[in-house]
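Chain residues, written in single-letter form:
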Number of protein chains: 2
Amino acid sequence: MIQVVFLGFGNVNQHLFHALVQSKSVEVKQVFNRNYIDFLPLRDHISFTDDLTEVADADVYIIGIPDDAIEGFSEQLPFNDRLTVHTSGAVPMEKLSGKNRRGVFYPLQSFSKQREVNFGEIPICLEAENKEDLEKLNKLARSISNNVHFISSEKRAKLHLAAVFVNNFVNYLYFIGSDILQKENLPLELLKPLILETALKIKDLSPKNAQTGPARRNDTKTIETHLSLLEDESYKNFYNIFTEALKNQNRI
Amino acid sequence: MIQVVFLGFGNVNQHLFHALVQSKSVEVKQVFNRNYIDFLPLRDHISFTDDLTEVADADVYIIGIPDDAIEGFSEQLPFNDRLTVHTSGAVPMEKLSGKNRRGVFYPLQSFSKQREVNFGEIPICLEAENKEDLEKLNKLARSISNNVHFISSEKRAKLHLAAVFVNNFVNYLYFIGSDILQKENLPLELLKPLILETALKIKDLSPKNAQTGPARRNDTKTIETHLSLLEDESYKNFYNIFTEALKNQNRI
């Protein structure tokens, strides 16, 4: 049994909690959080504390707090030489205080309170200072996911950057699409099958081979019509830079 | 039985063909195409011609050819007062020759040769000059999809524009993500669950409520780190304009 304590209970740690609680090779011992949190169905077995000095002994401490608080928080921990990991894509492992053994346990997914996720397929990116700890994290990760990777802080930063493009920025394009429709009183439902198919296509085709559209085929007439239909200057700017990039891609 | 003839056999018409052939209320009579095409499993029942003068009588002619060829092609048709429709999102109905009755049968999906699609959920956007023809197209569409809409050429143009944002441009962001990973020798597999979840989220959350990321929470430190990691000037430019747009969205 790997004993785990959660430090902080934001979005990522809540999802990890619900996944790890169900794993037979893991004992979730305790949750620490500054404010009281109610995880009623399981509270008989798992202790809660809002007092750092009362944090229990465990094999792994999973710190799930805002990126810019990780460094300071890890300094405050009232123990030494235990395995502490954070769950952030963007923060180097070395930001954790060196008084404890350090690691990273980064589940690469976009978590929201409203949606359950299937952890089995979520890539978990691991890093640790020593081999034994890495093996412990590997066991922990494999108890909930079939998709576990060892990835350095440097590569993880690039991975997180790529994730911003395919998640945050993609979602903003969904917003632009929905805004264009709303102005015409058309429901977003109309675009949902296309949105889903565009994502599913990547299973079979590389993004380069999946590329279609007026810019890809250099259909200047449709491009001009589209630009004339766009009233919002910011959307027009997006349309232009994507179209330019796609035209350049054709040339390569 | 609604009798259908396909004029042209590109991507969209091929997918429509395979869907309509299976519909019990539809008889696919013929396929016309400039070049011979082989649809062997069904050729006993369906005639093929590459000669416009031999096109059969039918209730609906579905023109599936490149956008800029639709106008000229519809002028060349050697018959009058029959129902001719095109399948394009971007072309107004009026581009079809007025010597025949005109309509639009636009399935809003991204079709690729390599992927089968489930027509049942694909929005089909219809338009026709008269009520009877619209009703005929409605029957035809409902025989393959539960998601049929009557949409004017004007609104369809906006819909097509929105589709370019959520399909073509989104796919280009997938390409940027894959390119960043490739340079680190990381597999695109790492991003696929995130890509899919980002699309699925739109079922439950509006794009505005689904928005997350450094720009959304104004995390200037992560934004600066990301910009320092981006070597490609074009990607940097994309990063900057998305970040600016997301910061402005926060202010609204």
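Structure shown above.
Here's a quick rundown of the structure.

Reading guide: rules and limits
- Residues numbered from 1 in each chain as written.
- Chains lettered and ligands numbered in written order.
- Predicted model: local features only at pLDDT ≥ 70, side-chain atom pairs only at ≥ 80, totals over all residues.
- Heavy atoms only, no water.
- Phe/Tyr/Trp six-rings, centres within 6.5 Å; stacked < 30°, edge-to-face > 60°.
- Helix = DSSP H or I, 4+ residues; strand = E, 2+ residues; numbered from the N terminus.
- Buried < 20%, exposed > 50% of the residue type's maximum accessible area, 1.4 Å probe, protein only.
- Polar contact = N/O pair within 3.5 Å; in protein donor to acceptor, adjacent residues only side chain to side chain.
- Contact = heavy atoms within 4.5 Å.
- Buried area = accessible area lost by both parts, 1.4 Å probe.
- Salt bridge = Lys/Arg side-chain N within 4 Å of Asp/Glu carboxyl O.
- Least-squares fit on C-alpha atoms with pLDDT ≥ 70 in both.
- Arc of directions from axis to C-beta.

### With respect to the packing of aromatic side chains
Both the distance between ring centres and the angle between the ring planes are used here to describe each pair of aromatic rings. All names here are of chain A. A complete count under the given rule lists 29 aromatic pairs over all chains for this structure. Look at Y172 and F238: their rings are 5.8 Å apart centre to centre, the planes differ by 45°, and that puts the pair in the tilted class. In this pair, Y172 is assigned in helix α4 (residues 153-183) and F238 in helix α8 (residues 233-251), connecting sequence segments 66 residues apart. The residues Y172 and F238 share a single accessibility class, namely buried.

### Digging into the side chain of Q109 of chain B
Mapped onto the fold, Q109 of chain B is located in the loop between β6 (101-107) and β7 (124-128). Taking relative accessible area as the criterion, Q109 of chain B reaches 13% and is therefore assigned buried. From its side chain, Q109 of chain B meets the backbone oxygen of P193 of chain A in a polar contact 3.2 Å long. Setting aside its immediate chain neighbours within four residues, Q109 of chain B contacts P193, L194 and E197 of chain A together with V117 and I122 of chain B.

### Focus: the interface of chain A and chain B
Between chain A and chain B, the residue contacts involve 85 residues of the former and 85 residues of the latter. Summing both partners gives a buried area of about 8,400 Å² for chain A against chain B, and 70% of it is carried by carbon and sulfur. It is R115, F165 and L190 of chain A in chain A that bury the most area against chain B; as a group they hold 8% of the surface buried on that side. Applying the counting rule to chain A against chain B returns 8 salt bridges. Across the salt bridge formed by K158 of chain A and E184 of chain B, the nearest N and O atoms sit 2.8 Å from each other. Applying the counting rule to chain A against chain B returns 29 residue pairs in polar contact (both at pLDDT 80 or more). Put simply, the parts of the chain that give the side of chain A that touches chain B at least two residues each are α4, α5 (192-200), α6 (207-210), α7 (220-229) and α8 of chain A.

### Details of the relation of the copies chain A and chain B
When chain A is brought onto chain B, the operation consists of a screw motion whose angular component is 180° and whose axial shift is 0.0 Å, with 0.0 Å RMSD remaining. Such a turn and shift between the copies fits a two-fold axis. Closest approach to the rotation axis within chain A is made by the C-alpha atom of V170 of chain A, at a distance of 2.8 Å. Interface residue correspondence from chain A to chain B reaches 100%, placing this contact among same-surface, isologous pairings.

### Regarding helix α7 (residues 220-229) of chain B
For α7 of chain B, the full list of buried residues reads T222, I223, H226 and L227 of chain B. Each buried residue of α7 of chain B sits inside an arc of 135° when the element is viewed along its axis, so together they form one side. Summarising the geometry of α7 of chain B, the exposed residues directed more than 90 degrees from the buried face are K221, E224 and S228 of chain B. Structurally, α7 of chain B contributes buried residues whose contacts are with α4 of chain A together with α8 (233-251) of chain B.

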